[in-house]
Amino acid sequence: ELIQRFPEYVMVFFDDEGALYVNQHDYPALAQQYTLEGIDPFELVDKNAEAMTQEQMEAWRVKVARLLTLYPDGLLTNRLAAVALNREGAYDRALRHAETIIRNFPESPLGYRLKGDALKGLALFDEAAVYYTRALKRTERGIRSDLYKQLGLVSQQGGHYAKAYRALKRTIDIFSPTTSHEDLYTLGSVALLAGRPEDAKLVWKYLYDVRIAPDETTWAEKLKQDLTRLGVLEGN
């Protein structure tokens, strides 16, 4: 807020400790080449980079790449690069940025989470589970929900169904109106694979009886078939 009173100063660099401004009247060439107009790192410190839109991410791309050439060890810039590359499916390149964060900020959960995301994208599910677990150990209890969900999903894909079910149960609230049909169905499916058919029946029956709207015929038919197979419907 203070620097905004001096519009002749533009930001040309930032890291995890501060930002550098130059007077564009005194140093016009430097300001023109390195200006970070449109980027607010102060806002991003408290913002979830994973929630950035693709348009926002594209606006940052070139500038973040340039910042990384000047200072390759920053947490904020490596996080942005890793998120963008994971979205693109460039998981091997995202790994390098995640590993830089882990090396320089070993107590932060961010590097482990981003490495887990990249390994998941590479279908290395058991390795991804290891890094999601390491991220969980470094994350406060109240904000672990999405990590448990990711751990559950990679454990499922890796064939560790009991572990997957334990993780998903900790994050998927059956009775919350914001829980999606897909999450509820996944929870029931993993319960069944984990040898918990009664739990699967409970979740799928709730989804069928309470959450499915009359016009959601595809969902209704799918669940009817599953519940019939489990002996829940048609008089059983």
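Residues numbered from 1 in each chain as written. Predicted model: local features only at pLDDT ≥ 70, side-chain atom pairs only at ≥ 80, totals over all residues. Heavy atoms only, no water.

(A) The overall build of the protein, seen in detail. In terms of regular secondary structure, the protein is built from 12 helices and 2 strands. Counting from the amino terminus, the protein carries its helices and strands in the arrangement β-β-α-α-α-α-α-α-α-α-α-α-α-α. Its C-alpha radius of gyration of 23 Å places the protein more than 25% over the 18 Å reference for a compact globule of 236 residues. Taking all 236 residues of the protein together, the buried fraction comes to 41%. Long-range pairs, those at least 24 residues apart, make up 47% of the contacts in the protein between residues at least 6 apart in sequence. Surface accessibility of the protein: about 13,400 Å² in total, with carbon and sulfur atoms responsible for 52%. (Helix = DSSP H or I, 4+ residues; strand = E, 2+ residues; numbered from the N terminus. Rg over C-alpha atoms; globule rule 2.2 N^0.38 Å. Buried < 20%, exposed > 50% of the residue type's maximum accessible area, 1.4 Å probe, protein only. Contact = heavy atoms within 4.5 Å. Areas by Shrake-Rupley, 256 points an atom, 1.4 Å probe, with all protein chains shown as cover.)

(B) Here's a closer look at the nonpolar core. In this structure, Phe14, Trp60 and Leu80 are the most contacted members of the largest nonpolar core, which totals 27 residues. Top element by residues in this core is helix H4 (residues 75-88). It accounts for 7 residues. Among all residues touching Leu80, those that are not within four sequence positions of it are Leu44, Ala49, Met52, Met57, Trp60 and Val64. (Core = buried A, V, L, I, M, F, W, Y, C linked by side-chain atoms within 4.5 Å.)

(C) A look at the environment of His97. Residue position: His97 is located in helix H5 (residues 91-104). A relative accessible area of 18% places His97 in the buried class. Note: C-alpha distance between His97 and Ala82 (15 residues apart in sequence) is 5.6 Å. Dropping the residues within four chain positions of it, His97 is found in contact with Leu68, Asn78, Ala81, Ala82 and Leu85.

Everything listed here is a matter of geometry and, on its own, says nothing about what the molecule does.
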